[in-house]
Amino acid sequence: MNSYTIDTFQAIADPNRRQILQLLSNNSLTINALAENFDMSRPAVSKHIKILNAAGFISILDVGRERYCVLKQDGFNEMQDWIDHFGNFWKSKLSSLDEILNKRSNEHL
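Residues numbered from 1 in each chain as written. Predicted model: local features only at pLDDT ≥ 70, side-chain atom pairs only at ≥ 80, totals over all residues. Heavy atoms only, no water.

## Some details on the sheet that holds strand 1 (residues 29-30)
Taken in spatial order, the 3 strands line up as 1-3-2 in an open sheet, and their pairing is antiparallel. Lying at the two open borders of the sheet, with one neighbouring strand each, are strand 1 and strand 2 (58-63). Direction of pairing for strand 1 relative to strand 3 (residues 66-71): antiparallel, over a ladder of 2 bridges. Bridging across to strand 3, leucine 29 finds its partner in cysteine 69. On the sheet, helix 2 (residues 15-24) packs against strand 1, strand 2 and strand 3 and is oriented at approximately 90 degrees with respect to strand 3. Here helix 4 (residues 42-54) sits on the sheet and contacts strand 2 and strand 3; the angle it forms with strand 2, its principal contact strand, is near 115 degrees. (Pairing = 2+ DSSP bridges. Helix = DSSP H or I, 4+ residues; strand = E, 2+ residues; numbered from the N terminus. Contact = heavy atoms within 4.5 Å. Axes fitted to C-alpha atoms, helices over the stretch in contact; angles between N-to-C directions.)

## Some thoughts on the nonpolar core
Counting 19 residues, the largest nonpolar core has Ile20, Leu34, Ile49, Leu52, Phe57, Ile58 and Cys69 as its most contacted members. Mapped onto this core, the elements with two or more residues apiece are helix 1 (8-13), helix 2, helix 3 (31-35) and helix 4. (Core = buried A, V, L, I, M, F, W, Y, C linked by side-chain atoms within 4.5 Å. Buried < 20%, exposed > 50% of the residue type's maximum accessible area, 1.4 Å probe, protein only.)

## Looking at the environment of arginine 42
Following the sequence through the fold, arginine 42 ends up in helix 4. The class of arginine 42 is partly exposed, set by a relative accessible area of 38%. At 2.5 Å, the side chain of arginine 42 and the side chain of asparagine 32 are in polar contact. (Polar contact = N/O pair within 3.5 Å; in protein donor to acceptor, adjacent residues only side chain to side chain.)

## Remarks on the pairing of strand 2
As defined by bridge partners, strand 2 adjoins strand 3 across 6 bridges and the pair is classed as antiparallel. Across the sheet, the residue bridging to leucine 61 is tyrosine 68, located in strand 3. Hairpin remark: strand 2 followed by strand 3, antiparallel, with 2 residues in the connecting loop; positive phi at glycine 64, about 65 degrees.

## Quick word on the pattern of salt bridges
Considering all chains together, one arrives at 2 salt bridges under this definition. As a salt-bridge pair, arginine 67 and aspartate 62 come within 3.1 Å of each other at their nearest N and O atoms. Residue aspartate 62 is classed as exposed on the basis of its relative accessible area of 56%. Close ionic contact of lysine 72 with aspartate 74 constitutes a salt bridge, the shortest N to O distance being 3.6 Å. Overall, lysine 72 belongs to the partly exposed group, its relative accessible area being 29%. (Salt bridge = Lys/Arg side-chain N within 4 Å of Asp/Glu carboxyl O.)

Printed below as a string of structure tokens:
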């Protein structure tokens, strides 16, 4: 279990973390392999990985002496639930507006 949690949207707010997720969407990678894609220190990349792990976007698997980062669905599900909530909110509002406009249009016929 993680020692702390982080807000899903805070986790993806940083462009480097979004790039890490993009890289992991192709394949699981070791922390060293991920670090090779960035112009920052390995400890800095490790900090980003720790944040993504705490937010539920990745898991870290120990395979021998290597630590692999693998995408995990939890963070994405939380983000999608939030987006769906507001998607449904706006669909409802637009449907209500459509009903009002149709009613007014029929009244003027």
